[in-house]
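A closer look at the structure
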Amino acid sequence: MEEYGAVNTIIEACNAYGVEFLFFNPGIDNVPLLETVSRFRVSGRKAPRGILCLDEFVAMTAAHGNYMASGKPQAVSVHSELGVLQIGGALHNAQWGKVPVVFFTEILGTAQRPVWNGTSFDQGSMVRNFVKWDHQLTAGEDIGEAFYKAFSIAASEPCGPVYLAVPRETLWSKEASRTGRPNQILIEKPPAADAALLNKAADILITAENPLIVTGYSGRNLNTVVSLIELAETLAARVMTADVRVNFPNTHPLAAYLPPAAGFGNPLLAKADVILAIDFDMHYASGPSQLMLAVKIVHIDVDTVKKGAPLWGRKPDVLVKADSALVIPTLTGIIKEKLNKEKASQLKKRYKELAAEHKKLNDEWRYTAICQSGQKPITANWLSRCIDEVIDDDTIIVNQTISPASIVAHQIHRTKPGTLLSCAGGCIGWAPGAALGVKLAAPEKTVISLMGDGAFIYGCPEASLWSAGFYKAPFLAVIYDNQGYGAIKGLFREKFDVENMGADITTPPDYSLIARANKAYGRMVDDPADVPAALKECLAAVRGGQTAVLDVKIEPV
Ligand SMILES: Cc1ncc(C[n+]2csc(CCOP(=O)(O)OP(=O)(O)O)c2C)c(N)n1
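Residues numbered from 1 in each chain as written. Predicted model: local features only at pLDDT ≥ 70, side-chain atom pairs only at ≥ 80, totals over all residues. Heavy atoms only, no water.

Attention now goes to the pattern of salt bridges. Across all of its chains, the model carries 25 salt bridges by this definition. Put simply, aspartate 303 and lysine 98 hold a salt bridge, and the shortest N to O gap is 3.8 Å. In this pair, aspartate 303 is assigned in the loop between strand S10 (296–301) and strand S11 (318–321) and lysine 98 in the loop between helix H5 (89–96) and strand S4 (101–107), connecting sequence segments 205 residues apart. This pair shows no difference in class: aspartate 303 is buried, exactly as lysine 98 is. A single salt-bridge network, built from bridges that share partners, covers Lys98, Asp281, Asp301, Asp303 and Lys306. (Salt bridge = Lys/Arg side-chain N within 4 Å of Asp/Glu carboxyl O. Helix = DSSP H or I, 4+ residues; strand = E, 2+ residues; numbered from the N terminus. Buried < 20%, exposed > 50% of the residue type's maximum accessible area, 1.4 Å probe, protein only.)

What follows is the structure, encoded as structure tokens:
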């Protein structure tokens, strides 16, 4: 076997940043890399474990899921421009998911590949809108410096994807890194919060009559879940969390619930007099929920600039750039010191009222599901309730349901940090590949992915199921099969008052057969009475080491 010095350096950089897996799909260019990884591992030297994904979309998505479950930086290796194009929307998801992933390819000399007007082909331009940094190594540049810098940029908050294009002659080179000085791990930490700003935030929050905490991704630091509970309890404030992570347990009495039949928009946003947004990319200030004009907004975020996100009319009164894991306990301490007896007893009363409201709404959701237990076609409420019954506190739910998203968020209860992972981006097809990556990161946990029928197909099921089988990373995929693109049909109906503009998947494929063709366990149910037993049967297969797909025919939207 050949020694490839440059590849040795890439592996060294992966090791230095704690990369455990190399998700890849090969071309001729990846050969030295794969050969070297194998040689390292066979001889007991440290190197990431190679995971062959039969589609590049799955490679990037598995890296996404793996990061969410492990917190570790990721590496993806694909074949030149073709592999990069095939990653497709998975890169958009990784960008919105703030995934610290370095993906790299070779590039054949640009001189051989001019564009139509004779200028040189620019491989990075394919991904430039979706990455924190893209770079094409030029002759004389040091491969070690490039990869260490790539991981440094990807893993510094706000984290995100980085792309490197490496010329074949560099990638296949026998030379290792050329710098005399050793390469160093550099991960930038957010600054400590400004004490005066936190004081101002505390004063605003204490005087609020109807405060609302909204969170997006604070739960990526698992300890933050506990400290956010303390902050919410201190303030007696509702917490509305995006379903991207467990930022706050949805079983907590202060978890914000909406009624089962709530329509578009969010009344909780509309009636809040103070909003505390923590690590939140989504819009809280525009869209269907108009805020009160006099609303005060405190925004704490590791990413205050929100480069690349729409404007969305955010105009915070207090903007604090800080690591929420550090700042939440500090803010809670400041608030506790400022609370006098009278205020504390007012907050106690408010806590009780909010807890009673949470219980009432939770009961309504449960009641709705139980009333639908005999309804055919099966409803998303009943299916979600059955899933809630069958899981334990440690099960990891990997969720990309679309039209039943609110039902899933209310019916499936998560208490422990890290037990709900969803896609912050909009590209459908995330759940199967992400579940593969999650299971590789947490082999001891039960992993259940939830998705629509559209999403199952977008998720390259053959590729996802094959890797799950081959690498012994079994998970359960539950398909909320409403026989169409429910979300799109909903939009048609709302905007154009038409029933169907071709968004039904009529005479659908047999998804359970797709599972079986890929050596997974496959089952279809269409009777609500069969759902609990079918879920148990599939989970038994998963515990026995076989990935399972449960196709549940639910009512079309
Ligand atoms: C890759 C991709 N293509 C198209 C869309 C547009 N889109 C948004 S929701 C949706 C329907 C998804 O169907 P399914 O996963 O079955 O969920 P449902 O809406 O039926 O609940 C589509 C096609 C998208 N977001 N991503």
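Of note, valine 305 is situated in the loop between S10 and S11. Look at valine 305 and you get exposed, because its relative accessible area is 66%. For the pair valine 305 and lysine 321, spaced 16 residues apart in sequence, the C-alpha separation works out to 9.1 Å.

Moving on to the sheet that holds strand S8 (residues 238–241). Strand order in the open sheet formed by five strands is S8-S7-S9-S10-S11, with parallel pairing between adjacent strands. Each edge of the open sheet carries a strand with a single partner, namely S8 and S11. The sheet shows a mean angle of 15° between the axes of neighbouring strands, taken without regard to direction. Summarising the sheet, S10 and S11 pair through four bridges and their orientation is parallel. Paired with histidine 299 across the strands is leucine 319, a residue of S11. Contacting strand S7 (211–215), S8 and strand S9 (274–278), helix H9 (residues 223–235) crosses the sheet at an angle of about 165° to S7. (Pairing = 2+ DSSP bridges. Axes fitted to C-alpha atoms, helices over the stretch in contact; angles between N-to-C directions. Contact = heavy atoms within 4.5 Å.)

Attention now goes to the pairing of strand S2 (residues 49–52). Note that strand S1 (residues 21–24) and S2 share four bridges and pair parallel. The partner of phenylalanine 21 across the bridge, within S2, is arginine 49. Handedness of the crossover joining S1 and S2 through helix H2 (residues 31–42): right-handed. (Right-handed = clockwise from strand over helix to strand, strands pointing away.)

Moving on, we come to a nonpolar patch on the surface. On the surface, Tyr458, Tyr485, Ile488 and Leu491 cluster together into a nonpolar patch covering about 350 Å² of accessible area. Within the fold, tyrosine 458 resides in helix H16 (residues 453–458). With relative accessibility at 42%, the residue tyrosine 458 sits in the partly exposed group. (Patch = residues over 30% accessible without salt bridge, like charges linked within 9 Å, V, L, I, M, F, W, Y side chains within 5 Å. Areas by Shrake-Rupley, 256 points an atom, 1.4 Å probe, with all protein chains shown as cover.)

Judged by nonpolar contacts, the single largest core of 65 residues is most densely connected at Leu231, Leu331, Ile387, Leu476, Val478 and Tyr480. Of all hydrophobic cores here, the second largest spans 61 residues; its members include Leu421, Ala434, Met451 and Ala477. (Core = buried A, V, L, I, M, F, W, Y, C linked by side-chain atoms within 4.5 Å.)

As far as function goes, none of this settles anything; it's purely spatial.
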